[in-house]
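Survey of secondary and tertiary structure
Here are the chains, one letter per residue:
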Amino acid sequence: MDIIELFKHLVNTKSETPDDGGLLDFIEEYLVGFEAVRIDVEDVTNLFIYKKFSEGEHLCFAGHVDVVPAGSGWDTNPYEAVEKDGFIYGRGTQDMKSGVAAFTQAIKETKEFKGTLSLMLTSDEEGDAINGTVKILEFLENNDLLPDAVVVAEPTCEEKFGDAIKVGRRGSINGYLTLKGKQGHAAYPEKAINPIHNISRVLENIAGIDLDNGDDTFAPSKFVVTDIRSGMEVTNVTPNELKMMFNVRNNTKTTQKEVTEFVAKHFAGLDYELRLTQGSYPFKTDTDTKIVKKIDKAIENITGVKTKHSTAGGTSDARFIAPLGVTVIEFGVRNYSIHSINERTSRKEVEDLHKVFKNLIEIWES
Ligand SMILES: [Zn+2]
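Residues numbered from 1 in each chain as written. Predicted model: local features only at pLDDT ≥ 70, side-chain atom pairs only at ≥ 80, totals over all residues. Heavy atoms only, no water.

On to the layout of surface pockets. What the largest pocket holds in volume is close to 240 Å³. Every residue lining the largest pocket is counted, 15 residues in all, and those nearest its centre are Asp-95, Glu-154, Arg-169, Thr-315 and Ile-338. Of the residues that constitute the lining of the largest pocket, the class distribution is three nonpolar, five polar and seven charged. (1 Å grid on protein atoms, 1.4 Å probe; cavity = no way out; pocket = protein on both sides within 12 Å on 5 of 7 lines; lining within 4 Å. Points joined across faces, edges and corners; volume = space filled by probe spheres on them. Nonpolar A, V, L, I, M, F, W, Y, C, P; charged D, E, K, R; others polar.)

Put into structure tokens, the structure is as follows:
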């Protein structure tokens, strides 16, 4: 198979989370001469497959074979790779069967490498992500197999192929605030404590406010109010309490501590309760680490594009890898149609992604 044949085979195989559609078995057989370890947990399938070519560093490619459901309204069968006008249509073409095909083919074609090459694949990235990459990493940690560097091949490019890699991700802090008052009659406001009136004076100082200035790679952490509710939908009673929800997509400069202090400063003198939960933690890979320099170089070698280092967007399994002290970046095709109907990627981007990964492997020790 060449890269495009492999890519089309992956797209032609329906693999909605957490079903891998048999793709992990297929990749295990496809990579002849590699050692395979299956780390399946409940209905999730996970594969770690590696080859030690010689002593040296361990470079790993990571990704997911699962896709989100196709939904209705497609112009083509979402589980058939249909090529027209230079594009290949199908669920998962951008997110992220292009990435999986590109790195699988790249390591299959590698004859020489100073060190170890591996793949980390799961069928549970789009779902709960509880029994997926986390379980593979546990296994690697326990068996002294953690890689030195990981490339997650999620789609990262924006306007043109090669223009962006991700060197980190923001975290997500969820806030639940209850502002206490004292219920009363609208005609006697002096006898009540109206939490709506009280928060109205606070809101302009918190809603949409930046909690830090960000830095070269991170946008500022912004306080975003997502919900406020109070009252009984009547005009003659003022409410006893008010509930507000908010979210902060936080960079590494702002933690739960700073959010707690920010709230304390602005709600000073008011009776409130605050609860915070952390959906995910921010991370950043230094831009002078080897993996960043090498992928920058490989992208430039193949496309001529000087890539940008981004931390924008949602979350990916890279958030589980970085805390283990493993340097991680993300690079893949453009991402304008992920999770939407008529998902597609250009044939050229898939071919170029394969070339970039091959080049990365070639220049790793140069
Ligand atoms: Zn993805």
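Turning next to the packing of aromatic side chains. Counted according to the given criterion, the structure contains eleven aromatic pairs. Each ring, one from Phe-161 and one from Phe-331, has its centre 5.5 Å from the other, and the planes form 50°; the classification is tilted. Note that Phe-161 is positioned in the loop between strand 7 (149-152) and strand 8 (164-166) and Phe-331 in the loop between strand 18 (327-330) and strand 19 (344-346), a separation of 170 residues in sequence. Residue Phe-161 is classed as buried on the basis of its relative accessible area of 9%. (Phe/Tyr/Trp six-rings, centres within 6.5 Å; stacked < 30°, edge-to-face > 60°. Helix = DSSP H or I, 4+ residues; strand = E, 2+ residues; numbered from the N terminus. Buried < 20%, exposed > 50% of the residue type's maximum accessible area, 1.4 Å probe, protein only.)

All right, on to the sheet that holds strand 4 (residues 82-84) then. Spatially, three strands are ordered 4-5-19 in an open sheet, and the strand pairing comes out antiparallel. Only two strands of the sheet have a single partner each, and these edge strands are strand 4 and strand 19. Each strand axis lies, on average, 25° off the axis of its neighbour in the sheet, ignoring direction. Inspection of the sheet shows strand 4 paired to strand 5 (residues 87-89) by three bridges, in the antiparallel sense. Looking at the pairing, Val-82 lines up with Tyr-89 of strand 5. Each of strand 4, strand 5 and strand 19 is contacted by helix 1 (residues 3-12), which is oriented at about 25° to strand 5, the strand it contacts most. Helix 9 (residues 347-363) rests against strand 4, strand 5 and strand 19 of the sheet, and its axis sits at about 65° to strand 19. (Pairing = 2+ DSSP bridges. Axes fitted to C-alpha atoms, helices over the stretch in contact; angles between N-to-C directions. Contact = heavy atoms within 4.5 Å.)

A few words on the coordination of the zinc ion. In this structure, His-64 (NE2), Asp-95 (OD), Glu-154 (OE) and Glu-154 (OE) serve as the protein donors to the zinc ion, at separations of 1.9 to 2.6 Å. Between the four donor atoms coordinating the zinc ion, the angles at the centre fall across 53 to 144°, so the site counts as irregular. Sequence positions of the residues that donate to the zinc ion give the spacing H-x30-D-x58-E. Residue His-64 is found in strand 3 (residues 57-64), and its partner Glu-154 is found in the loop between strand 7 and strand 8; the two are separated by 90 residues along the sequence. (Donors = N, O, S within 2.8 Å, 3.2 Å for Na, K, Ca; no water. Tetrahedral: all angles 85-135°; square planar, octahedral: opposite > 155°, others 65-115°.)

With respect to topology, four strands assemble into an open sheet ordered 12-14-10-15, the strand pairing being antiparallel. Looking at which strands have only one partner, the edges of the open sheet turn out to be strand 12 (223-230) and strand 15 (272-280). Each adjacent strand pair in this sheet contributes to an overall mean axis angle of 15°, direction not counted. Contacting strand 10 (171-180), strand 12 and strand 14 (241-250), helix 5 (residues 195-206) crosses the sheet at an angle of about 15° to strand 14. Packing against the sheet, helix 6 (residues 256-266) makes contact with strand 10, strand 12, strand 14 and strand 15, and its axis sits at approximately 155° to strand 15.

Turning our attention to the packing of helix 7 (residues 290-303) against helix 9. Two numbers describe how helix 7 lies on helix 9: the axes approach to 8 Å, and their chain directions differ by 130°. With respect to helix 9, the axis of helix 7 lies oblique. Between helix 7 and helix 9 the crossing geometry is right-handed. Along its contact with helix 7, which presents Lys-294, Ile-295, Lys-297, Ala-298, Ile-299, Asn-301 and Ile-302, the element helix 9 presents Asp-352, Lys-355, Val-356, Phe-357, Asn-359, Leu-360 and Ile-363. Split by residue class, the contact of helix 7 with helix 9 holds eight nonpolar, two polar and four charged. (Parallel < 35°, antiparallel > 145°, perpendicular 65-115°, else oblique. Left-handed = near helix turned anticlockwise from the far one by under 90°.)

Turning next to the nonpolar core. Within the largest apolar cluster, 55 residues are counted, with the highest numbers of intra-cluster contacts made by Leu-59, Phe-61, Phe-331 and Phe-357. The contacts of Phe-357, once residues within four sequence positions are left out, are Phe-61, Gly-99, Ala-102, Phe-103, Ala-106, Val-151, Ala-153, Ile-295 and Phe-331. The next biggest cluster of nonpolar side chains, apart from the first, holds 17 residues, and it includes Phe-48, Tyr-50, Val-150 and Ala-322. (Core = buried A, V, L, I, M, F, W, Y, C linked by side-chain atoms within 4.5 Å.)

Turning our attention to the environment of Phe-283. Considering the arrangement of structural elements, one finds Phe-283 in strand 16 (residues 283-284). Exposure remark for Phe-283: the relative accessible area of 8% places this residue in the buried category. Taking the C-alpha atoms as reference, Phe-283 lies 32 Å from Leu-31; in sequence the two are 252 residues apart.

Residues Thr-17 and Pro-18 are joined by a peptide bond in cis, for which omega reads -5°. Residue placement: Pro-18 occurs in the loop between helix 1 and helix 2 (23-30). For the peptide bond that leads from Asp-95 to Met-96, omega is -10°, which places it in the cis range. A positive phi angle is found at Asp-85, which is not glycine, with a value near 50°.

Side chains carrying opposite charge are able to pair once their charged atoms draw close together. Counted by the stated rule, this structure contains 22 salt bridges. In this structure, Asp-227 and Arg-229 form a salt bridge, with 2.8 Å as the shortest nitrogen-oxygen distance. Salt-bridge contacts for Lys-290 lead to Glu-365; the nearest nitrogen and oxygen are separated by 3.3 Å. Here Glu-365 lies in the segment after helix 9 and Lys-290 lies in helix 7, a separation of 75 residues in the sequence. Given a relative accessible area of 36%, Glu-365 falls into the partly exposed group. Put simply, Lys-8, Glu-83, Arg-347 and Glu-351 are held in one network by salt bridges that share partners. (Salt bridge = Lys/Arg side-chain N within 4 Å of Asp/Glu carboxyl O.)

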